[in-house]
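Descriptive analysis of the structure
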Amino acid sequence: MELRELGFDQWFQSKQEELQRPDCSAARVTAVNRDSYLVRNGNSEVLAELTGKLTFTAESSTDYPYVGDWVLVQYYNSGTFAVIHGLFPRKSFLRRKTPGKKIDYQAIAANIDVALIVQSCDVDFNLRRLERYLVMINEGQIEPVLLLTKSDLVSPEELEQRISTVRKANINCRAIALSNITGS
């Protein structure tokens, strides 16, 4: 597998040249577990940790790597362990507001091209929840796609009404109705 297949496009290549770390390689964060990370390059996925400098210079939680981020890593122990030395700029960043009165955010993932918002067509359909998801996605610079599931549980007229309700709320994302029962 090549880095390109993991999403490392021309934009990230140009950023790697700007970061100027010939002793490091690019890898993508695939999992975050408190103080450790899993990173994937074109060949393998290995455990990684942040350098002390990166840990102590972070001004906020968003300065740490998240799933989807591209990082500069240096490999050790025959490529079975990595140390993260830097973080590539992000194309997109999905986050949500933390609960409570304090305005802070919880990161979800980075460098996402498309976010699928799944809403049921039946009684669970909720326009306000859809709007909240769209705010997060649009703030993150991500393309939203609405998946309306269980379309077999409503009549064609009700389905059209759901889509019309979405359009009347000035929600102009792609909407796809589907049913696992009918296959439509």
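Refer to the structure above for everything that follows.
Presented here is a report on the structure given in the accompanying data block. The structure presented is a predicted model; accordingly, all values stated were derived computationally and were not measured. Counting of residues starts from 1 at the beginning of each chain's written sequence and follows it residue by residue. pLDDT decides what is reported in this predicted model: residues at 70 or higher carry local features, side-chain atom pairs at 80 or more are listed and counted, and totals for whole chains, interfaces and linings draw on all residues regardless. The side-chain values count all of the structure's non-hydrogen atoms but skip hydrogen atoms and water molecules.

Some details on the nonpolar core
Counting 18 residues, the largest nonpolar core has Leu130, Leu146, Leu148, Val166 and Ile171 as the members making the most contacts within it. In this description, contact between two residues means that some pair of their heavy atoms is separated by no more than 4.5 Å. In this structure, leucine 148 is in contact with Gln119, Cys121, Phe125, Leu159, Ile163, Ile176, Ala177 and Leu178, ignoring residues within four places of it in sequence. For this analysis, a nonpolar core means a set of buried residues of the types Ala, Val, Leu, Ile, Met, Phe, Trp, Tyr and Cys, connected via side-chain atoms within 4.5 Å. Classification of residues uses two cut-offs on accessible area relative to the type maximum, computed with a 1.4 Å probe and protein chains only: under 20% is buried, over 50% is exposed, and between them is partly exposed. Within the second largest apolar cluster, twelve residues are counted, among which are Ala27, Tyr37, Val73 and Ala82.

Focus: helix α1 (residues 10-19)
Think of a polar contact as two N or O atoms within 3.5 Å of one another; within protein, one of them needs to be a possible hydrogen donor and the other a possible acceptor, and neighboring residues in sequence only count if both atoms come from side chains. Every helix listed is a DSSP run of H or I at least four residues long, and every strand listed is a run of E at least two residues long, numbered separately from the N terminus. For α1, the N-terminal cap is aspartate 9; the gap from its side-chain oxygen to the backbone nitrogen of tryptophan 11 is 3.1 Å. The positive-phi residue at the C-terminal boundary of α1 is glutamine 20, with phi of around 45°.

Points about the sheet that holds strand β8 (residues 114-120)
If you walk across this open sheet you meet the three strands as β8-β9-β10, and the pairing is parallel. Edge positions in the open sheet fall to β8 and β10 (174-177), since each of these has one partner strand only. Averaged over all pairs of adjacent strands, the angle between their axes in this sheet comes to 25°, without regard to strand direction. The pairing criterion is simple: DSSP has to find at least two bridges between the two strands. Note that strand β9 (residues 143-149) and β10 share four bridges and pair parallel. Bridge pairing in β10 places leucine 148 opposite alanine 177. Lines fitted to C-alpha atoms define the axes here, with helix axes fitted over just the stretch in contact, and angles between the N-to-C directions of these axes take values from 0 to 180 degrees.

A word on the sheet that holds strand β2 (residues 36-40)
The strand order around the closed barrel built from five strands is β1-β2-β3-β5-β4, with neighbouring strands paired in mixed fashion. For this sheet, the mean inter-axis angle between neighbouring strands, taken without regard to orientation, is 50°. Helix-sheet contacts for α1 involve β1 (25-33), β4 (70-76) and β5 (81-87), and the interaxial angle to β4 is about 60°.

Brief notes about the pattern of salt bridges
Note on definitions: salt bridges are taken to be side-chain nitrogens of Lys or Arg within 4 Å of carboxyl oxygens of Asp or Glu. This structure, assessed with the given rule, holds eight salt bridges. Residues glutamate 18 and lysine 15 are paired through a salt bridge, measuring 4.0 Å at the closest nitrogen-oxygen approach. Here the residue glutamate 18 and the residue lysine 15 both occupy positions in helix α1, the gap between them amounting to three residues, near one helical turn. Classification of glutamate 18 by relative accessible area gives exposed; the value is 53%. Classification of lysine 15 by relative accessible area gives buried; the value is 18%. Residue aspartate 124 pairs with arginine 129 through a salt bridge whose shortest N-O separation is 3.6 Å. With relative accessibility at 44%, the residue aspartate 124 sits in the partly exposed group.

Some remarks on the packing of aromatic side chains
The geometry of an aromatic ring pair is captured by two quantities: the separation of the ring centres and the angle between the planes. Working definition: rings of Phe, Tyr and Trp (its six-membered ring) pair if their centres are within 6.5 Å, and the pair is stacked with planes under 30 degrees apart, edge-to-face with planes over 60 apart, and tilted otherwise. Under the defined criterion, the tally for this structure stands at seven aromatic pairs. Centroid distance phenylalanine 12 to phenylalanine 88: 6.3 Å. Interplanar angle 70°. Geometry classified as edge-to-face. A residue pair is termed long-range when its members are at least 10 positions apart, and phenylalanine 12 in helix α1 and phenylalanine 88 in the loop between β5 and β6 (93-97) qualify at 76 residues. Across this residue pair, the class does not change: phenylalanine 12 and phenylalanine 88 are buried. Following the ring pairs from residue to residue traces out a cluster consisting of Phe8, Trp11, Phe12, Trp70 and Phe88. Lying across the ring of phenylalanine 93, arginine 90 places its NZ or CZ 4.2 Å from the centre. Placement of a charge over a ring requires the Lys NZ or Arg CZ to be within 6 Å of the ring centre, with the centre-to-atom vector within 35 degrees of the ring normal.

Structural notes on the side chain of threonine 51
Within the element layout of this structure, threonine 51 appears in the loop between β3 (45-50) and α2 (52-57). If sequence neighbours within four positions are ignored, threonine 51 has contacts with Val83, Ile84 and His85.

Overview of helix α4 (residues 156-168)
A helix is expected to span 1.5 Å for every residue after the first. The first and last C-alpha atoms of α4 sit 18 Å apart over 13 residues, in line with the 18 Å expected at 1.5 Å per residue. Listed as buried for α4 are Leu159, Ile163 and Val166. Each buried residue of α4 lies within a common arc of 55° when the element is viewed along its axis, so the set occupies one face. Residues of α4 that are exposed and point more than 90 degrees away from the buried face comprise Glu157, Glu160 and Lys168. Looking at the buried positions of α4, the neighbouring elements they touch are α3 (127-139), β9 and β10. Directions drawn from the helix axis to the C-beta atoms are what define this arc.

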